[in-house]
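Here are the chains, one letter per residue:
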Amino acid sequence: IQLTQSPSSLSASVGDRVTITCRASQGIRASLAWYQQNPGKAPKLLIYSTSFLQTGVPSRFSGGGSGTEFTLTISSLQPEDFATYYCQQVHVYPLTFGQGTRLEIK
Amino acid sequence: EVQLLESGGKVVQPGGSLTLSCVGSGFTFSSYAMSWVRLAPGKGLEWVSSVTNSGEGPQYAHYVRGRFSISRDNSKNTLFLHMTSLRFEDSATYHCAKTFQPYSGGPSTLDSWGPGSVVTVS
């Protein structure tokens, strides 16, 4: 299953609302997760099962969608949110990731 | 607190072999399936392999199948990735990761990750 994220990169300002889209090449029900990664650091789980917020993740992060189209929304960007974001399908093996969305400060 | 720590990464020649280790603590290691995921320079995250909590049913990405082998020693809370016939394109930081729910027999979200171990094929 191929996952296509859009956009590949995004420039935004602190306080902005941003949405990243992840499209699957076939239906994956709600079996989608979102991760945040900073350079040189371990990826961090943000959202699981499409819309469930991982413990400790700020409520400004939210996920939605179903089937083949999914979104990650950050309601009000904070300085620590500028990072790369990946979606991942956990519906079937092989597990696959989107190509990543790099979120940069404008 | 869940902690995962990888080791074993180094510079190896093409065609060479290497074994990575990942030690887990802060959770019941033997109850959770584990995975390896890599990040190559300038590229995105790429799943490599997964294994169930008991060490059965290993799964591999097509680009490592037949060259890499995943295993675990639950008595030592340790996950391994045995890598052979290494290629330039295998150069990456390799992260081990724990599944979200215990006794997961199939694909599962990865909720805790190690900082990674760097493998350079050159």
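Residues numbered from 1 in each chain as written. Chains lettered and ligands numbered in written order. Predicted model: local features only at pLDDT ≥ 70, side-chain atom pairs only at ≥ 80, totals over all residues. Heavy atoms only, no water.

Peer 1: For the sheet that holds strand β3 (residues 18-25) of chain B, give the residues involved together with the corresponding values.
Peer 2: Sheet strands pair via backbone hydrogen bonds, and the direction of the pair is either parallel or antiparallel. Residues and elements named next belong to chain B. In space, the four strands of this open sheet follow the order β1-β3-β8-β7, with antiparallel pairing throughout. The open sheet is flanked by β1 (3-7) and β7 (68-73), the only strands paired with a single partner. Strand-to-strand twist in this sheet, taken as the mean axis angle between neighbours without regard to direction, amounts to 15 degrees. In this structure, β3 lies alongside strand β8 (residues 78-83), joined through six bridges in antiparallel fashion. Bridged to Leu20 within β8 is Leu81. (Pairing = 2+ DSSP bridges. Helix = DSSP H or I, 4+ residues; strand = E, 2+ residues; numbered from the N terminus. Axes fitted to C-alpha atoms, helices over the stretch in contact; angles between N-to-C directions.)

Peer 1: Residue-level account of the pattern of salt bridges, with values.
Peer 2: Taken as a whole, this structure holds eight salt bridges over all chains when the rule is applied. Its salt-bridge partner being Glu80 of chain A, residue Arg60 of chain A comes within 3.4 Å of it at the nearest N-O pair. Placement of the pair is Arg60 of chain A in the loop between β6 (52-53) and β7 (61-66) and Glu80 of chain A in the loop between β8 (69-74) and β9 (84-89), with a sequence separation of 20 residues. A single salt-bridge network, built from bridges that share partners, covers Arg38, Glu46, Arg67 and Asp90 of chain B. (Salt bridge = Lys/Arg side-chain N within 4 Å of Asp/Glu carboxyl O.)

Peer 1: I'd like a description of the sheet that holds β7 of chain A, backed by residues and values.
Peer 2: Residue and element names in this part refer to chain A. If you trace the four strands from one edge of the open sheet to the other, you get β1-β3-β8-β7, paired in antiparallel fashion. Edge positions in the open sheet fall to β1 (3-6) and β7, since each of these has one partner strand only. This sheet shows a mean twist of 20 degrees between the axes of neighbouring strands, independent of strand direction. Alignment of β1 against strand β3 (residues 18-24), held across four bridges, turns out to be antiparallel. Pairing of Gln5 across the sheet is with Cys22, part of β3.

Peer 1: Lay out the nonpolar core with the relevant residues and their values.
Peer 2: In terms of nonpolar packing, the biggest core is built from 40 residues, with Trp36, Leu79, Leu81 and Tyr94 of chain B touching the most fellow members. Grouped together as the second largest cluster of nonpolar side chains are 23 residues, Ile74, Leu77, Phe82 and Leu103 of chain A included. (Core = buried A, V, L, I, M, F, W, Y, C linked by side-chain atoms within 4.5 Å. Buried < 20%, exposed > 50% of the residue type's maximum accessible area, 1.4 Å probe, protein only.)

Peer 1: Explain the interface of chain A and chain B to me, and be specific about the residues and the numbers.
Peer 2: Across the boundary between the two partners, chain A contributes 19 residues, which contact 20 residues of chain B. Counting the surface lost from both chain A and chain B, the interface buries some 1700 Å², and carbon and sulfur atoms represent 69% of this. Summed over the shared surface of chain A and chain B, the result is zero salt bridges. At the boundary of chain A and chain B, one finds one residue pair in polar contact (both at pLDDT 80 or more). Of all the secondary structure elements, the ones that give two or more residues to the side of chain A that touches chain B are β4 (32-37), β5 (44-48) and β9 of chain A. No other element matches β4 of chain A, which puts three residues into the side of chain A that touches chain B. For the side of chain A that touches chain B, a count of residues per class yields 13 nonpolar, five polar and one charged. (Contact = heavy atoms within 4.5 Å. Buried area = accessible area lost by both parts, 1.4 Å probe. Polar contact = N/O pair within 3.5 Å; in protein donor to acceptor, adjacent residues only side chain to side chain. Nonpolar A, V, L, I, M, F, W, Y, C, P; charged D, E, K, R; others polar.)

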